[in-house]
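Here's the letter readout for the chains.
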Amino acid sequence: MSDPNGTEQPDPLDSFDEIIEAETTRDPDLAVIEAGSRTLRTQGGAPEADVPARPEDPEVDKALREVEAELATRWGETKLEPSVGRIAALMDVLGEPQRSYPSIHITGTNGKTSTARMIEALLGAFELRTGRYTSPHVQSITERISLDGAPISAERFVETYQDVKPYVEMVDGQQEYRLSFFEVLTGMAYAAFADAPVDVAVVEVGMGGSWDATNVIDADVAVVTPISLDHTDRLGGTPAEIAGEKSGIIKQDATVILAQQPVDAAQVLLKKAVDVDATVAREGLEFGVVARQVAVGGQLLTLRGLGGEYPEVYLPLHGGHQAHNAAVALAAVEAFFGVGAQRAEPLDIDTVRKAFAAVSSPGRLEVVRRSPTVVLDAAHNPAGAEATAEAVREAFDFSRLIGVVGASGDKDVRGLLEAFEPIFAEIVVTQNSSHRAMDADELAAIAVEVFGDERVQVEPRLPDALEAAITLAEEEGEFAGGGVLVTGSVITVGEARLLLGKG
């Protein structure tokens, strides 16, 4: 790898920690390079994922851990009392910080975080100061609140918590239930954005829409990424029922950017838009992906936006689903700037290209090691797993792919495993440290039904699972093209990322 001056630099992916004790010289990404020979990668290469490590200063680290411990005493993100009453009360005593800037609000089942990151990159490239609020985090809680395209520092996170804490406690005393973990973080994000101040906030819902804690903003642009079945116990058992809940972010006179949706979900969303006089732009009609080619480290796209066509856009992310996320993000930013409404001309193409080339999305088909190649992906439901499996087939030419899967107990685990079965030669089932994690033996029982007993190995400890999978991937020899895909949960991916020396 060379820097812009042509000087050879060490590739950080070539180093291994204790999990991988012997390094080989094989390049298992040869297939990706060959596929990418049809196009030229933009200069500069793929961006480094912005996942912060623990603070180096012991005092700052101690303060951050104390805040994390206090937040952990509150209701977790999976325990909900459907209401925006508590967060509205907090916003009131904070002086309504969320109303001091325009916002873009994003809901959907899959692709929200990647789409939010693309929107943020585009807005930043057009010299707007951005605030981004996404969840869950991959490794550090500070990832959830970003300013100017980067997570806020640990020091600022702690300061923001201390600033809002008295008001949080005031609201706690007035409500039937204390503010939840997610509600406090949402209040912190909105306060941090107002304090910065930002020109625009990019906000991802936590779950649903109508009663999600983020839904105290009146966003100018509402984005709905693809809807599928997830959190059915809380949101409904059909795409239409889930869409009904998610449509709650569509506000009066807003612009709605709709990704491709199941027919019944689209009908619900369109009806809500009509009811509140919102303008709708639909993927496949008003905007979309015109063409895409696999390129080295990503893909080359031609996108059709609300203002026209944007050719030769390099995106350093893999998979058709990310191309569709890019189309949605572009349309959202065009709508924010009034393209297609107040103005007819498209956005500056060079600025758009520069923005997309700088996009990163940690834990989304992220290559973290080579020889053998280890890829992390946070797919945690069947629709996400199907998109990931298809992207792996397209972008990597693995002769033997080993899956490491640790899932949450409240997910459709069988559907997840069935989506991955065609691409996994063998699977190592494990569990992460979360209290929500499915027991490894329970997961193994389902995996045996899907894969057969001979293709399933159980390693309850994630470090052991990673080591076992890497060993299996190496069995055919260093030139065989084996790889490992770690998936099933954002928490599993985050913990694996730390174990593999990232962050």
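That block above? That's the structure.
Residues numbered from 1 in each chain as written. Predicted model: local features only at pLDDT ≥ 70, side-chain atom pairs only at ≥ 80, totals over all residues. Heavy atoms only, no water.

## Some remarks on the overall build of the chain
So, point 1. Secondary structure summary: the chain contains 16 helices and 17 strands in total.
So, point 2. Across the 503 residues of the chain, 55% fall into the buried class.
So, point 3. Counted over contacts in the chain with a minimum sequence separation of 6, partners at least 24 positions apart contribute 74%.
So, point 4. Accessible area for the chain stands at about 20100 Å²; split by element, carbon and sulfur atoms hold 49% of it. (Helix = DSSP H or I, 4+ residues; strand = E, 2+ residues; numbered from the N terminus. Buried < 20%, exposed > 50% of the residue type's maximum accessible area, 1.4 Å probe, protein only. Contact = heavy atoms within 4.5 Å. Areas by Shrake-Rupley, 256 points an atom, 1.4 Å probe, with all protein chains shown as cover.)

## Overview of the packing of aromatic side chains
So, point 1. This structure, assessed with the given rule, holds eight aromatic pairs.
So, point 2. Seen from their ring centres, Phe336 and Phe337 are 5.7 Å apart, and the 75° between their planes marks the pair as edge-to-face.
So, point 3. For Phe336, a relative accessible area of 21% translates into the label partly exposed.
So, point 4. For Phe337, a relative accessible area of 25% translates into the label partly exposed.
So, point 5. Among the aromatic residues, ring-to-ring pairing joins Phe126, Phe336 and Phe337 into one connected group. (Phe/Tyr/Trp six-rings, centres within 6.5 Å; stacked < 30°, edge-to-face > 60°.)

## Side note on the pattern of salt bridges
So, point 1. Within the structure shown, the criterion is met by 24 salt bridges.
So, point 2. A salt bridge links Asp218 to Arg99; its shortest N-O distance comes to 3.1 Å. Of the two residues, Asp218 sits in the loop between β5 (200-204) and β6 (221-224) while Arg99 sits in the loop between α3 (85-94) and β1 (103-107), which places them 119 residues apart along the sequence.
So, point 3. Among the ionic pairs, Arg455 bridges to Glu421, the shortest N-O distance being 2.7 Å. Remark: Glu421 occurs in the loop between α13 (413-420) and β15 (426-429) and Arg455 occurs in the loop between α14 (440-451) and β16 (456-458); sequence separation between them is 34 residues.
So, point 4. Its relative accessible area of 21% is what places Arg455 among the partly exposed residues.
So, point 5. The class of Glu421 is partly exposed, set by a relative accessible area of 25%.
So, point 6. A single salt-bridge network, built from bridges that share partners, covers Arg54, Asp61, Arg65 and Glu68. (Salt bridge = Lys/Arg side-chain N within 4 Å of Asp/Glu carboxyl O.)

## Quick look at empty space enclosed by the protein
So, point 1. Scanning the model with the defined rule gives one cavity of 30 Å³ or more in all.
So, point 2. Within this model, the largest cavity holds a volume of roughly 80 Å³.
So, point 3. Considering the residues around the largest cavity, the lining is formed by Thr113, Arg117, Arg132, Thr134, Pro136, His137, Val138, Glu143, Arg144, Pro362 and Arg364.
So, point 4. When the residues that make up the lining of the largest cavity are grouped by side-chain class, the tally is three nonpolar, three polar and five charged. (1 Å grid on protein atoms, 1.4 Å probe; cavity = no way out; pocket = protein on both sides within 12 Å on 5 of 7 lines; lining within 4 Å. Points joined across faces, edges and corners; volume = space filled by probe spheres on them. Nonpolar A, V, L, I, M, F, W, Y, C, P; charged D, E, K, R; others polar.)

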